Amino acid sequence: QVQVVESGGGLVQPGGSLRLSCAASGSIFSIYAMGWYRQAPGIERELVARITSDGSTYYVDSVKGRFTISRDNAKNTVYLQMTSLKPEDTAVYYCYADISSGPRLVPYDYWGQGTQVTVSS
């Protein structure tokens, strides 16, 4: 069994900052990509940021220069540092981790439960 648990969401004023964390635990042999999606009401879920096992990153255009994704492989944890937050960043943020539970097992995407981020004055 693998668990992915997020933390760090909340209410913040425009221009503020938040840091999301996501830790994977359980039967883990190797973690490949980790990342964050978000979904606002009435809007399709979008990939916000992703980081591979070798540290390569991807960001959606709307967050470039404001969000930073990082990971601690020793802790099986990925972080999303969000700065200069805007009301349009309001959404439920979901963490995912692409995990293999054995040397010959195909990786599978495991998801967290989601954490609410609200940017409002």
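For every chain, the first residue of the written sequence is number 1, and numbering continues from 1 onward in sequence order. pLDDT decides what is reported in this predicted model: residues at 70 or higher carry local features, side-chain atom pairs at 80 or more are listed and counted, and totals for whole chains, interfaces and linings draw on all residues regardless. Excluding hydrogens and water, the side-chain values take into account all heavy atoms of the structure.

**Q** Just checking my understanding: could you explain the state of the cysteines for this structure?
**A** A covalent bond between the sulfur atoms of two cysteines is what we call a disulfide. Cysteine sulfur atoms are paired as a disulfide whenever they come within 2.5 Å of each other. The tally for this structure, following the rule as stated, stands at one disulfide. A sulfur-sulfur distance of 1.9 Å marks the disulfide that ties C22 to C95. On the sign convention where negative is left-handed, the bridge of C22 and C95, at about -75° about the S-S bond, is left-handed. Of this pair, C22 sits in strand 3 (residues 18-26) while C95 sits in strand 9 (residues 91-100), placing them 73 residues apart in sequence. Considered together, C22 and C95 belong to a single accessibility category, that of buried residues. Note on conventions: DSSP H or I runs of at least 4 residues are helices, E runs of at least 2 residues are strands, and numbering of each starts at the N terminus. Whether a residue is buried, partly exposed or exposed follows from its accessible area with a 1.4 Å probe, protein chains only, as a fraction of its type maximum: under 20%, in between, or over 50%, in that order.

**Q** Teacher, can you tell me more about the pairing of strand 1 (residues 2-7) here?
**A** Along any regular strand the residues' side chains alternate between the sheet's two faces. Alternating residues of strand 1 divide into V2, V4 and E6, all buried, and Q3, V5 and S7, none buried. Think of it this way: DSSP has to see at least two bridges between two strands before they count as a pair. Inspection of the sheet shows strand 1 paired to strand 3 by six bridges, in the antiparallel sense. Its bridge partner lying in strand 3, Q3 is registered against S25.

**Q** Looking at this model, I keep getting lost on the nonpolar core. Mind explaining?
**A** Proteins that are soluble and globular tend to have nonpolar side chains buried together. Counting 30 residues, the largest nonpolar core has W36, F67, I69, V78, L80, M82 and Y93 as its most contacted members. Of all elements in the fold, only strand 1, strand 3, strand 4 (30-39), strand 5 (46-51), strand 7 (67-72), strand 8 (77-82), strand 9 and strand 11 (115-119) reach the threshold of two or more residues within this core. Residue contacts follow a heavy-atom distance rule, with two residues in contact if any of their heavy atoms lie within 4.5 Å. Setting aside anything within four residues of it in sequence, one finds M82 in contact with G16, S17, L18, L20, R66, F67, Y93 and V117. In plain words, nonpolar cores are sets of buried Ala, Val, Leu, Ile, Met, Phe, Trp, Tyr and Cys residues tied together by side-chain atoms within 4.5 Å.

**Q** Whenever I open this one, the environment of S30 confuses me. Can you help?
**A** Structurally, the position occupied by S30 is in strand 4. Taking C-alpha positions, S30 is 14 Å from I51, a pair spaced 21 residues apart along the chain. Setting aside chain neighbours within four positions, we find S30 in contact with D98, I99 and S100.

**Q** Would you explain the pattern of salt bridges in this entry?
**A** Between side chains of opposite charge, pairing is possible as soon as their charged atoms come close. Within this document, salt bridges are pairs made up of a side-chain nitrogen of Lys or Arg and a carboxyl oxygen of Asp or Glu, the two lying within 4 Å of each other. Here the structure, examined in full by the defined rule, presents four salt bridges. As a salt-bridge pair, R38 and D89 come within 3.0 Å of each other at their nearest N and O atoms. Of this pair, R38 sits in strand 4 while D89 sits in the loop between strand 8 and strand 9, and the two are 51 residues apart along the sequence. For the pair R38 and D89, a shared accessibility class is recorded, and that class is buried.

Keep in mind these numbers describe shape, not what the thing actually does.
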